[in-house]
Amino acid sequence: MSDGPSRDRGGRGRSRGEDVSDDHDTPRPTGRIRSDIAHNARVWNYWLGGKDNYLVDRAIGDQVTEMYPSIGEVARADRAFLGRAVRHLAGDLGVRQFLDIGTGLPTVDNTHEVAQRIAPESRIVYVDNDPIVLAHARALLTGSAEGATEYIDADAHDPEAILAGVEPTLDLRRPVAVIMLGILNFVLDTDEARSIVRKLMAAVPSGSYLVLTHPTLELGGDGNAAAMRFWNENATPPITARGRADIESFVAGLELLEPGIVSCARWRPDPRADDSAVEVAQFGVVARKP
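Predicted, not measured: the structure shown is a model, and the values here were computed from it.

**Describing the overall build of the protein chain**
What the protein chain contains, in helices and strands, is 10 helices and 12 strands. Per-residue burial for the protein chain yields a buried fraction of 57% across its 290 residues. In the protein chain, of all internal contacts separated by at least 6 residues, the share reaching a separation of at least 24 is 77%. Total accessible area on the protein chain is roughly 11400 Å²; 50% of this is exposed by carbon and sulfur atoms.

**Overview of the confidence of the model for the protein chain**
The pLDDT averaged across the protein chain works out to 86; a share of 85% of its residues lies at or above 70. Overall, residues 4-30 carries pLDDT values under 50, and its contacts beyond four positions in sequence, including any with other chains, amount to 115 contacts.

**Focus: the packing of helix α7 (residues 159-166) against helix α8 (residues 190-202)**
Interhelical geometry of α7 versus α8 gives an angle of 25 degrees and a closest axis separation of 9 Å. As summarised for this structure, α7 and α8 are arranged roughly parallel, according to the angle between their axes. Classified by chirality, the crossing of α8 by α7 is right-handed. Listed contacts from α8 to Pro 159, Glu 160, Ile 162 and Leu 163 of α7 are Ile 196, Lys 199 and Leu 200. Residue composition of the contact of α7 with α8, grouped by class: 5 nonpolar, no polar and 2 charged.

**Re the packing of aromatic side chains**
In this structure the tally under the stated criterion is 2 aromatic pairs. Geometrically, the ring pair formed by Trp 44 and Trp 47 is edge-to-face, given 5.8 Å between the ring centres and 75 degrees between the ring planes. Residue Trp 44 and its partner Trp 47 are both found in helix α1 (residues 40-47); the two are separated by 3 residues, about one turn of the helix. Relative accessible area serves as the criterion here: at 1%, Trp 44 is assigned to the buried category. Aromatic pair Phe 81 and Trp 267: ring centres 5.5 Å apart, planes at 75 degrees, arrangement edge-to-face. With Phe 81 in helix α3 (residues 71-92) and Trp 267 in the loop between β11 (262-263) and β12 (282-288), this residue pair connects regions lying 186 residues apart in the sequence. Take Phe 81 and Trp 267: they sit in the same class, and that class is buried.

**So, the nonpolar core**
What tends to happen in soluble globular proteins is that the nonpolar side chains get buried as a cluster. Core analysis: the biggest nonpolar cluster contains 50 residues, and Phe 81, Leu 89, Phe 98, Val 211, Trp 231 and Val 286 have the highest contact counts within it. Top contributing element to this core by residue count: α3, with 10 residues. Ignoring sequence-local partners within four residues, the contact set of Leu 89 consists of Gly 94, Val 95, Phe 98, Ala 177, Tyr 209, Val 211 and Val 286. Counting 34 residues, the second largest nonpolar core, distinct from the first, contains Ile 152, Leu 172, Met 201 and Leu 212.

**Quick notes on the packing of α3 against helix α4 (residues 111-118)**
The N-to-C vectors of α3 and α4 enclose an angle of 35 degrees; their axes lie 9 Å apart at closest approach. When you trace α3 past α4, the crossing you get is right-handed. Residues Leu 82, Gly 83, Val 86, Arg 87, Ala 90 and Gly 91 of α3 pack against Thr 111, Val 114, Ala 115 and Ile 118 of α4. Along the lines of polarity and charge, the residues of the contact of α3 with α4 split into 6 nonpolar, 3 polar and 1 charged.

How each quantity is defined
- Residues numbered from 1 in each chain as written.
- Predicted model: local features only at pLDDT ≥ 70, side-chain atom pairs only at ≥ 80, totals over all residues.
- Heavy atoms only, no water.
- Helix = DSSP H or I, 4+ residues; strand = E, 2+ residues; numbered from the N terminus.
- Buried < 20%, exposed > 50% of the residue type's maximum accessible area, 1.4 Å probe, protein only.
- Contact = heavy atoms within 4.5 Å.
- Areas by Shrake-Rupley, 256 points an atom, 1.4 Å probe, with all protein chains shown as cover.
- pLDDT = per-residue confidence, 0-100.
- Axes fitted to C-alpha atoms, helices over the stretch in contact; angles between N-to-C directions.
- Parallel < 35°, antiparallel > 145°, perpendicular 65-115°, else oblique.
- Left-handed = near helix turned anticlockwise from the far one by under 90°.
- Nonpolar A, V, L, I, M, F, W, Y, C, P; charged D, E, K, R; others polar.
- Phe/Tyr/Trp six-rings, centres within 6.5 Å; stacked < 30°, edge-to-face > 60°.
- Core = buried A, V, L, I, M, F, W, Y, C linked by side-chain atoms within 4.5 Å.

Quick look at the structure:
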């Protein structure tokens, strides 16, 4: 499993904004929000200790955890990878524009907070189309006075709509870091997923970056296969895993930053942190457009 088009990147604390659940018992659905079927954004939130979820999300989340106990490690590793990648891009490489697609439920240390802590003038656009995320968008729309933070309601399957909505917050004539963590795994057709990446990267100039994570049945993820089948039968949206060759095809024509395509937990681990955790079955990569 992985997070996906609407993913929660938080730690063990609750997300900012109102809870989806009322004392974890009585849901308050609004608009397009459905409380009768588990949804990846809310289940991911539950795995990370958040409160923006329904009973059905917790039930499915518990079952997946029984089938694939390391899902919590995957979630935390993916979350930590985001912080390390953004810090490297903003701090070491001077990137000042970020396009975060599939942002999920807001929490502390979102992309804009990490980037603007280093460079207050950084400009960030978040993209998602989940109604719960939209309801929490106000928590994302707070950034530094020197920079800009914006949210657009768009589908990851429609890169043209995304690109049409990022300006004027982002200047596509200047380098942009395109962040796609745990989202292409919800685009089931690999050719379509590859096309989405290529359209997005074609629209940004030389010196831009692609930041990507994706679940795999490699790297010790064999046990995830049954959990993914269960998810696809009982929750939404459906998910797929991919191997290294597919990830390589997503970054074809780009220059890989060291250490290349690795478990996201092993991408430039923080020497000050405990990096002895088991390698998670989630690829992570950062690549530069030449």
